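# Summary of the model geometry
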Amino acid sequence: MDIKEWRHVFKLDPDKELNDSQIEAICESGTDAIMIGGTQGVSYDNTIDLMARVRRFPLPCVLEVSNIDSVVPGFDLYLVPMVVNAGSADWIVGKHVEGLMDYGALVKWHEVAVEGYIILNPKAEAAKLTEAKTNLTIEEAKAYARFVDQMVKLPILYVEYSGTYGDPALLRAVRSVVKQARLFYGGGIKEVSQAAEIAEIADTVIVGNVIYENLQTALETVNSVKNTVK
Ligand SMILES: CC(C)=CCC/C(C)=C/CC/C(C)=C/CC/C(C)=C/CC/C(C)=C/CC/C(C)=C/CC/C(C)=C/COP(=O)(O)OP(=O)(O)O
Ligand SMILES: O=P(O)(O)OC[C@@H](O)CO
Ligand SMILES: [Mg+2]
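Residues numbered from 1 in each chain as written. Chains lettered and ligands numbered in written order. Predicted model: local features only at pLDDT ≥ 70, side-chain atom pairs only at ≥ 80, totals over all residues. Heavy atoms only, no water.

Inclusion rule: UniProt positions are given in the numbering used here, feature names are shortened, and annotations may be inferred rather than shown by experiment.
For the protein chain, the name recorded in an unreviewed UniProt entry is Heptaprenylglyceryl phosphate synthase, with Ammoniphilus resinae as its organism. What UniProt records for the protein chain under Subunit (unreviewed entry) is the sentence "Homodimer."

In structure tokens, the structure reads:
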């Protein structure tokens, strides 16, 4: 499992419906991995159900842990979000320590990567839940990026605009200070041209909601990202 090779990832929400032929098209699209996660309505049952349906295809299937009750064994990798611009320490360290109280002894640490999230769309469920400070200046965003990349040296810095297309200028500024982390971008990609624009800046482009709105366009983002040189 080498996240450094991921250019394009589809994020599937266990709380949303996809039929088998849609899952087949997504998994055979050429995307580098399937990430399963969401903020609302994610349960053990809908997570294990979606994992089993994706597992029939030979590509990495990873869980982005959003609540402790939906940690299902059997994924290739577990991505644990740490929301560095959260309004409460619960989403930076609190929930994580609670989780470790329950699961700490069971974790295979080579199967875990922590994501330093900067959440920037105030209307996203994840922003509301974590009371994220979203109105960042470019200098503040760069400071958060340095915190993730240099101070705590997380393997992933995730610039998150879920539900709305982000600011490429801010992303470029963040890019300019990242030295070791993999730069993930997710949020509001609804056109292949947007996927290409982001792929010029970020290491990994995450495509989520458009899967459920316009699957054909979602599938076309794969080649758009892969044909773009960063
Ligand atoms: C035993 C085993 C298999 C273990 C592996 C997992 C592991 C390491 C467990 C150890 C314990 C541990 C550290 C658990 C983590 C506990 C936890 C709940 C941490 C908090 C995570 C967190 C900050 C959640 C907040 C919400 C969030 C950031 C979710 C990420 C997904 C996201 C941003 C979705 C986007 O939002 P979406 O809802 O799609 O937005 P729209 O509605 O706008 O579409
Ligand atoms: O759903 P969208 O807006 O594509 O965002 C992707 C992903 O970053 C969500 O966490
Ligand atoms: Mg979503």
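### A word on the overall build of the protein chain
The condition that has to hold: Helix and strand definitions here come from DSSP, where helices need a minimum of 4 consecutive H or I residues and strands a minimum of 2 consecutive E residues; each element is numbered from the N-terminal end. For a compact globule the rule gives 2.2 Å times the number of residues to the power 0.38, and the radius of gyration it is set against comes from C-alpha atoms. Here the term buried applies to any residue with accessible area under 20% of the maximum for its type, exposed to any over 50%, and partly exposed to those in between, with areas from a 1.4 Å probe on protein chains only. Note on definitions: a residue-residue contact is assigned when non-hydrogen atoms from the two residues lie within 4.5 Å. Note that accessible areas follow from Shrake-Rupley with a 1.4 Å probe, and for residues the cover is restricted to the protein chains shown. By the counting scheme adopted, Arg and Lys are positive, Glu and Asp are negative, and His together with the chain ends is not counted. Every charge is mapped onto a representative atom, which is NZ of Lys, CZ of Arg, CG of Asp or CD of Glu.
When helices and strands are counted, the protein chain shows 9 helices and 8 strands. Its C-alpha atoms give the protein chain a radius of gyration of 16 Å, near enough to 17 Å, the size a compact globule of 230 residues would have. Based on the C-alpha atoms only, the size of the protein chain along its principal axes is roughly 45 × 45 × 30 Å. Sorting the 230 residues of the protein chain into buried and exposed places 52% on the buried side. Residue pairs at least 24 apart in sequence account for 70% of intrachain contacts in the protein chain once pairs closer than 6 positions are excluded. Just so you have it, the protein chain exposes about 10,600 Å², and 52% of that area is on carbon and sulfur atoms. The protein chain carries 22 positive and 32 negative side-chain charges, and their two centres are separated by 7 Å.

### As for the site of ligand 1
For clarity, the cut-off: To be near a molecule or strand, a residue needs just one of its heavy atoms within 4 Å of it. Any pair of nitrogen or oxygen atoms within 3.5 Å is treated as a polar contact; in protein, a donor-acceptor pairing is required on top of that, and neighbouring residues in sequence qualify only through side-chain atoms on both sides.
Taken together, the neighbourhood of ligand 1 is formed by 29 residues, with T39, E64, E160, S162 and N209 sitting nearest. The contact in question runs from an oxygen atom of ligand 1 to an N or O atom on the side chain of T39, over 2.6 Å. With respect to ligand 1, the side chain of S162 contributes an N or O atom lying 2.9 Å from an oxygen atom. Here ligand 1 loses 91% of its free accessible area of 1,100 Å² to cover by the protein chains. At the level of secondary structure, the elements contributing two or more residues to the shell around ligand 1 comprise β4 (77-83), α3 (94-103), β5 (112-119) and α4 (125-130). Among the elements that take part in the shell around ligand 1, α3 stands out by supplying 5 residues, more than any other.

### A few points about unusual backbone geometry
Only a minority of non-glycine residues have a phi that is not negative, and only a minority of peptide bonds are not trans. In this structure, E131 takes a positive phi of about 50° despite not being glycine. Tracing the backbone shows E131 in the loop between α4 and α5 (138-151). Owing to a relative accessible area of 53%, E131 belongs among the exposed residues under this scheme. Even without being a glycine, K153 presents a positive backbone phi close to 50°. Note that K153 resides in the loop between α5 and β6 (156-160). On the basis of relative accessible area, K153 is assigned to the exposed category, the value being 54%.

### Looking at the UniProt feature "binding site: sn-glycerol 1-phosphate" (unreviewed entry) in the protein chain
Mapped onto this structure's residue numbering, the UniProt feature "binding site: sn-glycerol 1-phosphate" (unreviewed entry) falls at K11, Y158, V159, E160, Y161, S162, G163, G188, G208 and N209. Of note, S162 is situated in the loop between β6 and α6 (168-177). Excluding residues within four positions of it along the chain, S162 makes contact with N121, A124, G186, G187 and N209. Within the secondary structure layout, G208 lies in the loop between β8 (204-207) and α8 (210-213).

### Topic: the sheet that holds strand β3 (residues 61-64)
How we decide: At least two DSSP bridges between two strands are needed for those strands to be called paired. Simply put, an axis is a line fit to the C-alpha atoms, just over the touching stretch for a helix, and the angle between two N-to-C directions goes from 0 to 180 degrees.
The parallel closed barrel is built from 8 strands, whose spatial order is β1-β2-β3-β4-β5-β6-β7-β8. Pairs of neighbouring strands in the sheet enclose a mean axial angle of 30°, with direction left out of account. In terms of strand pairing, β5 meets β6 through 5 bridges, oriented parallel. What sits directly across from I119, in β6, is E160. Sheet strands touched by helix α2 (residues 44-54): β1 (8-12), β2 (33-36) and β3. Its angle to β2, the strand with the most contacts, is close to 170°.

### Observations regarding the confidence of the model for the protein chain
Just so we agree on the cut-off: pLDDT gives the predictor's per-residue confidence on a scale running from 0 to 100.
The share of residues in the protein chain with pLDDT of 70 or more is 100%, and the mean pLDDT across the chain is 97. We note a pTM of 0.97 for the whole complex and an ipTM of 0.95 for its interfaces.

### What to know about the environment of I201
Within the secondary structure, I201 is located in the loop between α7 (192-199) and β8. In this structure, the C-alpha to C-alpha distance between I201 and S162, residues 39 residues apart in sequence, is 17 Å.

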